[in-house]
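Tertiary structure, described
Now for the letters of each chain:
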Amino acid sequence: MSIGSASLGHAVRQDGELNARALRSDARRQALGLLALLSPGLFLVFAVIIVPIGWLFWLSLFDESGQLSLANYARFFEQASYIKTFATTFKVAFVVTGACVLFGYPLAYMLSQLPRRAASICLIFVILPFWTSVLVRTYAWLVILQRKGLINNWLIDLGVIGQPLPLANNFAGVVIGMTHIMLPFLVLPLYASMKTIDVDCLRAGMNLGASPAATFRQIFFPLSLPGLASGVVIVFVLCLGFFVTPALMGGGKVIMWAMRMEQATSLYSNWGAGAALGVVLLAVTLALLGLFQWLLGARATGVWSQR
Amino acid sequence: MTKRLCIHGLAVAGLLASAAVPASAADTITIASWGGTYQEAQTKAFFDPTAKELGITIKQDTTNGLDDVRLQVTGNAVKWDITELGADECARGSKEGLFEKLDYNVIDKSGINPKLVHDDWVGISYTSVVLIYRTDVFGDKGPKTWADFWDVEKFPGRRALSGSQATETLSVAALAKGTPIDKVYPVDIDGALQSVDKVKGHIDAWWTSGAQAMQLVKDGEVDMASIWNGRAGTLRKEGAPVSFSFDQGVLTADCMVIPKGSKNKDLAMKALAKFVSPDLQANLPLYVDNGPANEKAFETGKIPQERIKDINSAPDNVKKQVLQDPEFWRDNLVEATEKFNNLIQQ
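Residues numbered from 1 in each chain as written. Chains lettered and ligands numbered in written order. Predicted model: local features only at pLDDT ≥ 70, side-chain atom pairs only at ≥ 80, totals over all residues.

Points about the overall build of chain B
Note the threshold: In DSSP terms, a helix is any run of H or I states spanning at least four residues, a strand is any run of E spanning at least two, and both are numbered starting from the N terminus. Our radius of gyration looks at C-alpha atoms and nothing else; its globule reference is 2.2 Å times the residue count to the power 0.38. Between the buried cut of 20 or more and the exposed cut of 12 or fewer other C-beta atoms within 10 Å of a residue's own C-beta lies the partly exposed class, and all C-beta atoms are placed from the backbone. Here the contact rule is simple: place C-beta atoms from the backbone, and any two residues whose C-beta atoms are within 7 Å are in contact.
Secondary structure assignment for chain B yields 16 helices and 10 strands. Here the C-alpha radius of gyration of chain B, 23 Å, is about what a compact globule of 346 residues would show, namely 20 Å. Per-residue burial over chain B gives 50% buried out of 346 residues. Long-range pairs, those at least 24 residues apart, make up 72% of the contacts in chain B between residues at least 6 apart in sequence.

Dropping the structure here:
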């Protein structure tokens with residue numbers, strides 16, 4: 001028995017090795033085939049993303065006289081305004097993302113609960129601003145929010161306030177304008193993910209005695225998290241590179257990173273000055289995305305295992 | 001019949017094409033300026049008459065400034081034969097070697113301030129930074145000098161200054177602390193920054209474009225501001241309740257250059273010579289508030305007497321203003337701008 005099984009085992013092993021070799025070469029052939037299919041896409045990514053970013057990084061290492069140096073990076077520490085601008089950029093991005101979640105989540109929830117017809121009509125109102133230029137929307141907010149704008153005029157006429165509220169040309173103005181522009185970027189992915197939540201899960205929860213609030217908290221909300229996470233990431237990253245709205249609504253007091261890049265490009269006679277700003281923003285953004293992925297990704301998988 | 005017509009048509013078109021293509025390639029120059037009403041005025045004042053006189057075609061483009069020229073020259077892709085820049089940009093670009101040398105045998109420089117006549121760039125027009133205030137807030141007793149603008153107790157109200165043009169804001173800051181007009185340049189940068197620091201807390205907006213400055217004043221978002229005279233003039237024409245004068249204005253020149261590697265350098269030189277000639281220079285203030293760089297324009301008799309007092313570069317108005325020194329800013333722009341940013345973003 002033991003002898004037989006040993007010899008059989010030997011034979012199986014031999015067969016197995018032969019098989020494995022064949023399987024391996026098969027897999028290799030398949031991988032090569034896939035690679036060949038992928039290669040146009042990979043080439044495109046390489047040509048339009050990797051090469052320019054590498055070039056940007058390369059440029060950032062040269063000073064005005066064309067010598068290799070870290071002068072473009074040293075500037076961040078020598079001039080107080082760079083750190084300040086960087087902090088402002090992230091502060092604006094955090095606040096705007098927070099405001100978008102605050103307004104966007106209930107909106108997306110409402111949309112997802114409406115009958116299909118009503119939901120599509122309401123969705124049009126969410127998408128409509130997409131079709132209007134950012135510049136036009138920003139100027140419209142200026143008309144509404146400034147010292148002699150609609151809101152202040154109404155409030156003063158109604159006797160609610162004596163002095164106009166400072167709503168434009170400051171941080172508040174930038175946040176209001178940007179929240180409006182960013183809202184659809186959060187609502188759309190969130191709405192899409194809420195629509196895929198199986199109503200039966202909620203019914204089952206209710207059936208087992210959960211109150212509507214508990215059903216929402218324990219079932220609906222965790223299931224909507226992946227959609228929320230992708231919306232948050234899109235909004236946050238878009239905010240980091242935003243230019244038009246802070247430039248017009250900030251009254252020159254809310255300087256964001258993109259505005260600084262534009263300034264650096266015209267102030268310094270080497271591209272490196274602006275390139276270094278781009279590299280730093282890219283690096284910090286990637287690090288943050290990694291962090292998001294780690295935090296929210298783990299959370300999302302946690303939800304599935306709970307289910 | 002129809003076929004023959006067709007062939008005829010083709011032949012004619014072919015002839016036209018063969019005749020037109022080489023001619024237009026040789027006799028076409030491309031000029032880039034700032035766009036908007038200013039470039040429209042330049043078209044009527046400079047480009048159209050020159051094209052007609054020289055029998056050439058002048059194509060137009062718009063520029064964002066020195067970066068665009070640098071990009072074209074260093075990338076060996078020069079599209080423009082002539083481009084307009086701010087005078088400090090000309091001084092910087094000249095140092096970087098981005099422009100062709102100008103031939104002053106072709107271009108007559110008489111009548112142009114020698115500070116604006118250089119080997120590879122020449123002045124073309126003037127803009128002034130002026131103090132504007134709203135008459136519905138102050139009547140005619142508004143702030144008249146930069147010292148008044150800085151005096152927040154005597155003239156309470158909301159204020160805006162340029163945040164993007166450190167050169168201009170530092171010049172008016174120097175005037176505000178009592179520096180006489182002829183002593184502003186070379187600017188005592190640290191002194192001017194201290195002066196900015198005094199008013200900083202009372203500035204409600206630091207504007208970054210001419211349009212923004214105009215909008216701030218027009219909508220009453222601020223009661224007083226520094227503003228470019230062209231924008232101020234437009235506000236006045238539109239009937240906005242504003243007042244401004246050239247007293248203590250900061251006169252800033254624009255210049256024109258031929259980017260290095262221009263394919264039609266000789267023709268561009270001839271066109272540039274026309275643009276700075278007193279005759280065409282005198283056309284400019286007929287269409288726009290930017291004054292001519294050539295003071296002989298005022299002797300041509302083309303500009304009506306009553307118009308002259310409103311032109312920033314008219315000899316009587318020049319006396320009241322500070323002339324920005326492009327070479328000073330060539331050497332000090334970066335340092336001054338970084339310090340200025342540090343200060344206003346604290």
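Picking up after the structure, the text goes on.
Digging into the interface of chain B and chain A
Heads up, the condition is: Under the convention adopted here, Pro, Cys and the residues Ala, Val, Leu, Ile, Met, Phe, Trp and Tyr are nonpolar, Asp, Glu, Lys and Arg are charged, and Gly plus all remaining residues are polar.
With 22 residues of chain B in contact, the opposing surface of chain A contributes 20 residues. Looking at the side of chain B that touches chain A, the elements with two or more residues in it are α3 (66–74), α4 (87–96), β6 (203–207) and α16 (326–344) of chain B. When residues of the side of chain B that touches chain A are assigned to their parent elements, the largest contribution, five residues, is made by α16(B). When grouped by side-chain class, the residues that make up the side of chain B that touches chain A number five nonpolar, nine polar and eight charged.

Considerations on the packing of helix α9 (residues 210–218) of chain B against helix α10 (residues 229–237) of chain B
All names here are of chain B. Operational definition: All axes are obtained by fitting lines to C-alpha atoms, using only the stretch in contact for helices, and the reported angles, taken between N-to-C directions, cover 0 to 180 degrees. Helix crossings are classified by the rotation of the near helix relative to the far one: an anticlockwise turn of less than a right angle makes the crossing left-handed, while a clockwise turn makes it right-handed.
Running from N to C, α9 and α10 point in directions that differ by 35°, and their axes come no closer than 10 Å. The way α9 lies across α10 gives a crossing that is right-handed. Facing α9, whose interface residues are G210, A213, M214, V217 and K218, α10 presents R231, T234 and L235. Taken together, the residues that form the contact of α9 with α10 break down as four nonpolar, two polar and two charged.

Comments concerning the pairing of β6(B)
Residues and elements named next belong to chain B. Here is the rule we go by: At least two DSSP bridges between two strands are needed for those strands to be called paired.
The buried fraction of β6 is high, at five of five residues. Note that strand β5 (residues 159–162) and β6 share four bridges and pair parallel. Paired with A160 across the bridge in β6 is A205.

Focus: the domain arrangement of chain B
Residues and elements named next belong to chain B. This is how it is decided: An automatic or database domain assignment supplies the residue ranges for each domain.
On domain assignment, one finds that chain B holds domain 1 (2–126 + 253–317) and domain 2 (127–252 + 322–344). Taking only C-alpha atoms, the centre of domain 1 and the centre of domain 2 are 30 Å apart. Every contact between the two is made by 17 residues of domain 1 and, on the other side, 18 residues of domain 2. Breaking the side of domain 1 that touches domain 2 down by element, the ones donating at least two residues are α4 and β8 (242–257). Considering every element that reaches the side of domain 1 that touches domain 2, the biggest residue donor is α4, with six residues. For the side of domain 1 that touches domain 2, the per-class residue count stands at seven nonpolar, four polar and six charged.

As for the nonpolar core
For clarity, the threshold we go by: A set of buried Ala, Val, Leu, Ile, Met, Phe, Trp, Tyr and Cys residues, joined to one another through C-beta atoms within 7 Å, is what we call a nonpolar core.
B:I132, B:V217, B:A225 and B:C255 are the most contacted members of the largest nonpolar core, which has 92 residues in total. Per-element tally for this core: the top contributor is β8(B), with nine residues. In this structure, this core is formed jointly by two domains, domain 1 (2–126 + 253–317) and domain 2 (127–252 + 322–344) of chain B, each of which donates at least three residues. Residues A:A93, A:M259, A:A273 and A:A276 belong to the second largest nonpolar core, which totals 48 residues.

Description of the pairing of strand β2 (residues 57–62) of chain B
Residues and elements named next belong to chain B. Our working definition: Seen with its strands pointing away from the viewer, a crossover is right-handed if its path from the first strand over the helix to the second goes clockwise.
Pairing of strand β1 (residues 28–33) with β2 involves six bridges; the strand directions are parallel. Within β2, the residue paired with S33 across the bridge is T62. Regarding topology, helix α2 (residues 36–54) serves as the crossover connection from β1 to the parallel β2, and that connection is right-handed.

Observations regarding helix α5 (residues 134–145) of chain A
Residue and element names in this part refer to chain A. The condition is simple: Expected span of a helix: the number of residues minus one, times 1.5 Å. Directions from the helix axis toward the C-beta atoms define the arc.
Helix length check: α5 (12 residues) gives 16 Å between terminal C-alpha atoms against 16 Å at 1.5 Å per residue, within 8%. Of the positions making up α5, those classed as buried are T138, W141, L142 and L145. One side of α5 carries all its buried residues, which in axial view fall inside an arc of 105°. At its buried positions, α5 is contacted by α6 (150–157), α7 (171–195) and α10 (244–249).

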